[in-house]
Amino acid sequence: PREMLLLFLLLIGAAYGRPTIFASFDASLDPMVQSSITNLLTAFNVSYLSPTRQPPHQSNSFVISFGDTASSLSLPTAPAHGYVVFCNGTHISSHGDSPETTVISVYQLLQTLGFRFFHPFQPVVPATLSMAVVKIIEKPTNLIRLHHYHSEHPLEMTEMLQGLGPFDASRLEEWRLYLQWIVANRMTHVEWVLLCAENFQDFCWSPDRQSKMNTLTGMAHKFSVKVFVDVAIAMAQQHAMHMVQDADGPYDQQVQDIKNAITWMVGSGVDGISTENGVSEFTHASCNKSLGWMNILVENSPVPVYIKEHISSGQFCDGFTDPVTGGPLNFNFLPYYADKRLGVMPHTVQFYTVDDPAPTYGQQNFTFMLESALYTASVNRSTIYFGETAYWVNFDIDVPLFLPIYGYRALYDLRKTGSKLAGCADFSSGFEFGYWLHDTIYASAAWDPQLSSPDTVSGLRAILTPMLWSTDGELALGCHSSPKRFAHLWRHPRGHGCRKKKRASIHPRLGHME
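Predicted, not measured: the structure shown is a model, and the values here were computed from it.

Among the five residues that make up strand β9 (residues 226–230), four are buried, leaving the element largely enclosed by the rest of the structure. With five bridges connecting them, strand β8 (residues 189–193) and β9 associate as parallel partners. Bridge pairing in β9 links W192 to V229. Bridging between β9 and strand β10 (residues 272–275) involves three bridges; their strand directions are parallel. The partner of F228 across the bridge, within β10, is G272. Between the parallel elements β9 and β10, the chain passes through helix α8 (residues 251–267) in a crossover that is right-handed.

And the structure:
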């Protein structure tokens with residue numbers, strides 16, 4: 001019966017002059033990944049083969065091999081942490097050097113066919129599949145590429161990520177689409193902030209919440225995405241969930257609080273713990289006590305631990321010397337003196353680059369944060385540079401929608417850090433107001449900060465051209481009433497403008513972008 005069905009499809013395809021499309025999946029790809037891809041291909045009447053089955057011989061056919069299958073082209077070995085995508089005009093194949101990069105490779109294959117992944121909740125499906133000849137062999141500059149979804153803000157998924165409100169199929173579908181966007185944009189890790197408040201104390205460390213966390217981390221692992229959870233040591237700012245319940249209480253109890261928190265977090269399926277220094281961004285407990293908390297956390301955690309280094313000013317540790325400047329130690333850099341297993345995430349804010357004038361948080365610029373990042377990396381402490389693609393609240397009122405200031409800033413900074421650090425992280429405040437564009441630019445820059453480009457503007461153009469333009473020379477973001485919003489900034493190399501050709505809409509929330 002299966003062979004008869006395939007023969008029937010071949011005859012139908014030949015009768016209408018359209019190629020018959022066959023596809024097969026690498027057996028290592030989780031069924032959730034496979035079903036996500038088949039959903040995207042629904043409009044193209046694809047016939048699916050088992051991983052061990054060769055497609056029927058037919059002149060008018062196109063074969064897609066997602067990963068290594070019996071129908072794959074002969075591909076070169078993927079580079080370390082990288083992937084390969086080849087298309088010869090009738091057959092396209094991909095693979096990576098690991099399960100993680102194989103998932104990334106299949107979504108790069110989809111983008112070679114014409115799909116785009118801008119707003120996480122609505123991928124762009126092309127009108128036709130591109131069968132152009134391509135040979136792509138790529139590896140990343142940054143090995144850790146983390147998307148920090150700042151759930152201290154009232155964002156699209158904040159309630160779900162806290163385990164509050166509806167935790168049903170429709171909300172989990174948003175999570176699946178988000179995870180798909182993560183791998184399609186070649187990120188490796190996700191992270192969000194857990195919250196706790198007096199009116200739901202019983203829920204904060206409960207088995208119910210831990211079970212919901214396991215659902216979220218389990219889905220991430222199906223996409224080969226690692227999960228960090230941000231739980232502060234003692235910081236309670238903005239209802240941040242924190243390990244130490246009484247920063248002024250007995251030290252032995254604080255140690256036990258940290259151990260209990262580790263047990264709960266690891267039991268929720270996370271791959272790493274990200275934490276915060278101080279009792280707020282601007283205040284702290286004694287430096288010796290804070291350092292002790294850090295070391296207790298690292299010594300007892302079976303998963304990697306990273307701590308944020310904030311940009312705030314005016315806090316110093318008496319008796320500690322800054323090894324970079326030789327002066328008094330900025331409290332935010334107290335991790336210099338912690339257990340070497342503690343990773344750091346130096347954090348800069350708003351749309352300022354590391355060497356812009358930056359009159360914010362009591363600073364003049366952020367060059368000292370770059371110097372700190374390069375120093376910690378040089379002494380073999382795992383360092384993840386942590387910039388922003390949105391600040392939210394009132395600051396972003398002055399940021400023009402869709403003008404990629406944050407994207408430019410991210411690329412500029414990542415060109416400064418290059419491959420010197422363990423990786424990079426993007427502080428994201430959700431997807432509204434064009435924030436999705438900045439996040440997508442950041443993800444591309446995290447993979448390849450365009451170090452060969454002569455300057456950041458040229459690098460940004462190199463990132464935006466394949467993002468904005470589809471394989472057939474149309475605006476991938478869709479024609480709309482004001483196409484010059486993008487076209488006057490980045491014209492396609494062939495000089496095409498926005499033709500009146502129907503394209504898939506992006507998302508109802510984007511209004512004029514449909």
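Between helix α5 (residues 169–184) and helix α7 (residues 207–222), the shortest axis-to-axis distance is 10 Å and the interhelical angle comes to 35°. Considering how the two elements wind past one another, α5 and α7 form a crossing that is right-handed. Packed against α5, whose contacting residues are L172, W175, R176 and L179, the element α7 presents T215, L216, M219 and A220 at the interface. Split into classes, the residues belonging to the contact of α5 with α7 amount to six nonpolar, one polar and one charged.

With that settled, consider the environment of G319. Secondary-structure assignment places G319 in strand β12 (residues 316–321). Note on G319: relative accessible area 82%, which makes it exposed. It is 9.9 Å that separates the C-alpha atoms of G319 and N288, two residues lying 31 residues apart in sequence.

For an α-helix the count is 3.6 residues per turn, leaving residues at separations of three or four pointing the same way. Here helix α11 (residues 405–417) contains 13 residues, and its C-alpha end-to-end distance of 19 Å stays within 8% of the 18 Å for a straight helix at 1.5 Å per residue. When you tally the buried positions in α11, you get ten out of 13 residues, the bulk of the element. All of the buried residues in α11 are Y406, G407, R409, A410, L411, Y412, D413, L414, R415 and T417. In this structure, the buried residues of α11 make contact with α10 (367–378), β15 (384–388), β16 (423–428), α12 (435–447) and α13 (456–468). Just downstream of α11, G418 is the residue with a positive phi angle, here 55°.

This brings us to the side chain of S61. For S61, the location among the structural elements is in strand β3 (residues 61–66). Residue S61 is classed as buried on the basis of its relative accessible area of 12%. Those residues in contact with S61, other than ones at most four positions away along the chain, are P19, T20, F22 and T90.

Okay, the environment of P55 next. With respect to the secondary-structure elements, P55 resides in the loop between β2 (47–49) and β3. Here the alpha-carbon distance between P55 and F22, two residues 33 residues apart in the chain, equals 6.8 Å. Apart from residues no more than four positions distant in its own chain, P55 is found in contact with F22, L49, V63 and S71.

The next point concerns the nonpolar core. With 131 residues, the main nonpolar core has F66, Y107, L110, W175 and Y178 as its most contacted residues. Broken down by element, the residue count for this core peaks at nine residues, all from α5. Not counting residues up to four positions away in its chain, the partners in contact with Y107 are V33, S36, I37, L40, F117, Q180, V183, A184 and F223. Core analysis: the next-biggest nonpolar cluster, separate from the first, contains nine residues, L146, F228, Y306 and F427 among them.

Rules and cut-offs
- Residues numbered from 1 in each chain as written.
- Predicted model: local features only at pLDDT ≥ 70, side-chain atom pairs only at ≥ 80, totals over all residues.
- Heavy atoms only, no water.
- Buried < 20%, exposed > 50% of the residue type's maximum accessible area, 1.4 Å probe, protein only.
- Helix = DSSP H or I, 4+ residues; strand = E, 2+ residues; numbered from the N terminus.
- Pairing = 2+ DSSP bridges.
- Right-handed = clockwise from strand over helix to strand, strands pointing away.
- Axes fitted to C-alpha atoms, helices over the stretch in contact; angles between N-to-C directions.
- Left-handed = near helix turned anticlockwise from the far one by under 90°.
- Contact = heavy atoms within 4.5 Å.
- Nonpolar A, V, L, I, M, F, W, Y, C, P; charged D, E, K, R; others polar.
- Expected span 1.5 Å × (residues − 1).
- Core = buried A, V, L, I, M, F, W, Y, C linked by side-chain atoms within 4.5 Å.

Distances and angles like these do not, on their own, reveal function.
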